[in-house]
Amino acid sequence: MSNKIQKLLRKTWVSILLSVVIGFGVGAIALAIAGHNPFRAYSYLFQGIFSQPRHVAWTIINATPIILTALSVVFAYKTGLFNIGADGQFMMGAVAAVFLGHYLHLPPIIHPIVVILGAMLVAGIYGGIVGLLKAKFGINEVITSIMLNWVALYFNNYYITLPGVRKPNTDASWEIQQTAYIRVMNNVKFADDGVERLRAGNWFFSDVVLRTDLNYGILIAIAACVLVWFILNKTTLGYSLKAVGFNKDAAEFAGINVKKNIITSMFIAGAIAGIAGAVFIMGQAPHRVTTLAFSEQYGFHGLSVALIGAVHPIGIIFAGLFFGGIRYGSGSMQARMGVPNEIISIVIGSIVFFISIASLFRIIADRIEKKKGGK
């Protein structure tokens with residue numbers, strides 16, 4: 001039995017599962033201290049995720065941009081860089097999406113593609129600045145990306161003040177054109193008799209389509225995750241980028257242009273975060289950017305999801321859905337029991353903390369083995 005336990009404790013998925021269980025356990029203690037029944041609270045949490053089709057849909061909607069910002073973090077990490085600037089790149093992508101989505105007048109299928117490509121280019125250049133500063137001057141990417149997050153936030157606010165951008169009597173920009181939307185059955189919803197047709201049809205579709213902003217963003221996110229996995233593991237570009245991350249000196253000795261690869265890596269990471277910003281704008285109401293006092297945290301949530309997903313392009317899909325689920329389901333806990341939102345932050349923080357020290361479980365396995373050897 002001890003051999004099986006040792007092998008299990010050394011597996012990544014087991015350490016993640018244990019971290020999740022411990023995180024919920026820490027959250028239960030916090031709930032009990034706050035005077036709430038943990039079992040009842042968690043029951044409402046999962047009811048808020050799975051009790052209705054629209055709740056599942058909202059979980060997916062909330063998870064989509066976080067999966068993409070997590071993918072941005074994962075790509076940079078796999079190439080030896082720490083992209084803590086996904087938040088700023090997300091905002092730059094969102095601003096680019098609003099600009100292209102509002103001022104361009106294109107056919108429905110072409111318009112979203114142009115918006116995504118434009119957001120990728122703008123956010124990619126923004127991420128590339130971080131790579132350029134590191135490659136040319138050796139400036140740590142953590143410092144520059146944190147500072148550029150704030151620059152992006154204030155650029156977002158400045159953009160809204162430009163002539164013709166701000167919608168009258170609001171602190172927000174004009175909405176994008178409907179041709180740039182990526183919401184499911186968008187044409188039917190906005191048709192003259194669309195709502196009546198949906199209500200008269202299948203209950204599942206009427207509950208999901210009419211009462212949520214379900215969009216095709218999750219398909220884009222999954223495709224991006226698969227593509228990144230393929231690039232990193234099956235292409236020459238991925239090999240050279242990872243080689244620089246593993247050992248810069250050895251990569252340079254092998255003839256790889258280290259500086260170029262650092263810039264390329266951060267450009268791609270920024271472009272992925274830009275997709276997140278574009279999908280957020282095109283897929284969810286109100287389809288515009290607003291004046292921000294602080295970041296919406298999509299990039300920083302991506303850091304947590306990247307860790308929960310074992311820093312793997314495929315693993316973050318499931319981690320993102322889990323993260324989006326507990327964030328959305330926590331609203332049910334608040335509404336029914338008055339549970340503070342900080343409790344969910346404690347749960348997520350505990351999960352990330354124990355995943356970050358996942359080597360603890362391997363140490364336990366080693367001690368079990370040593371005790372067995374001593375006997």
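Before reading on, note that the structure itself is shown above.
Read on for a plain summary of the structure. (Residues numbered from 1 in each chain as written. Predicted model: local features only at pLDDT ≥ 70, side-chain atom pairs only at ≥ 80, totals over all residues. Heavy atoms only, no water.)

## What to know about the nonpolar core
Part 1 of the reasoning: Membership of the largest hydrophobic core comes to 95 residues, with the highest contact counts inside it found for Ile281 and Met333.
Part 2 of the reasoning: When residues in this core are grouped by element, the largest group, 13 residues, is from helix α14 (residues 258-283).
Part 3 of the reasoning: Setting aside residues up to four positions removed in sequence, Met333 forms contacts with Leu31, Ala41, Tyr44, Leu45, Gly338, Val339 and Ile344. (Core = buried A, V, L, I, M, F, W, Y, C linked by side-chain atoms within 4.5 Å. Buried < 20%, exposed > 50% of the residue type's maximum accessible area, 1.4 Å probe, protein only. Helix = DSSP H or I, 4+ residues; strand = E, 2+ residues; numbered from the N terminus. Contact = heavy atoms within 4.5 Å.)

## Side note on helix α12 (residues 236-246)
Part 1 of the reasoning: Within α12, burial applies to Gly238, Ser240, Leu241, Lys242, Ala243 and Val244.
Part 2 of the reasoning: Contacts made by the buried residues of α12 are with α4 (53-78), α11 (217-234), α13 (248-253) and α14.

## With respect to a nonpolar patch on the surface
Part 1 of the reasoning: On the surface, Ile143, Ile146, Met147, Trp150 and Tyr154 cluster together to form a nonpolar patch covering roughly 550 Å² of accessible area.
Part 2 of the reasoning: Along the chain, Trp150 falls in helix α7 (residues 141-161). (Patch = residues over 30% accessible without salt bridge, like charges linked within 9 Å, V, L, I, M, F, W, Y side chains within 5 Å. Areas by Shrake-Rupley, 256 points an atom, 1.4 Å probe, with all protein chains shown as cover. Salt bridge = Lys/Arg side-chain N within 4 Å of Asp/Glu carboxyl O.)

## Digging into the packing of aromatic side chains
Part 1 of the reasoning: For the structure on display, the rule yields eight aromatic pairs.
Part 2 of the reasoning: Taking 5.7 Å as the distance between ring centres and 55° as the angle between the ring planes, the aromatic pair formed by Phe90 and Phe280 counts as tilted. Of this pair, Phe90 sits in helix α5 (residues 86-103) while Phe280 sits in helix α14, placing them 190 residues apart in sequence.
Part 3 of the reasoning: These aromatic residues form a ring-pair network of at least three members: Phe24, Tyr42, Phe46 and Phe322. (Phe/Tyr/Trp six-rings, centres within 6.5 Å; stacked < 30°, edge-to-face > 60°.)

## A closer look at the pattern of salt bridges
Should the charged atoms of two oppositely charged side chains come close, the side chains can pair.
Part 1 of the reasoning: Per the counting criterion, the structure on display carries five salt bridges.
Part 2 of the reasoning: Across the pair Glu141 and Lys134 runs a salt bridge, and its minimum N-O distance is 3.1 Å. Taken individually, Glu141 and Lys134 each receive the classification buried, so the pair is uniform in this respect.
Part 3 of the reasoning: The residue Arg166 makes a salt bridge to Asp171 at a minimum N-O spacing of 3.1 Å.
Part 4 of the reasoning: What makes Asp171 exposed here is its relative accessible area of 54%.
Part 5 of the reasoning: Three or more residues are tied together by salt bridges with common partners; here these are Lys167, Glu175 and Arg288.

## Side note on the packing of α4 against α5
The relative placement of two packed helices is expressed as an angle between their axes plus a distance between the axes.
Part 1 of the reasoning: One can describe the packing of α4 onto α5 by two numbers: an axis separation of 10 Å at closest approach and a directional angle of 125°. Relative to α5, the element α4 lies oblique. Crossing geometry of α4 relative to α5 is assigned as right-handed. Across the interface between the two elements, Pro65, Thr69, Ser72 and Val73 from α4 touch Ala86, Gln89 and Phe90 from α5. (Axes fitted to C-alpha atoms, helices over the stretch in contact; angles between N-to-C directions. Parallel < 35°, antiparallel > 145°, perpendicular 65-115°, else oblique. Left-handed = near helix turned anticlockwise from the far one by under 90°.)

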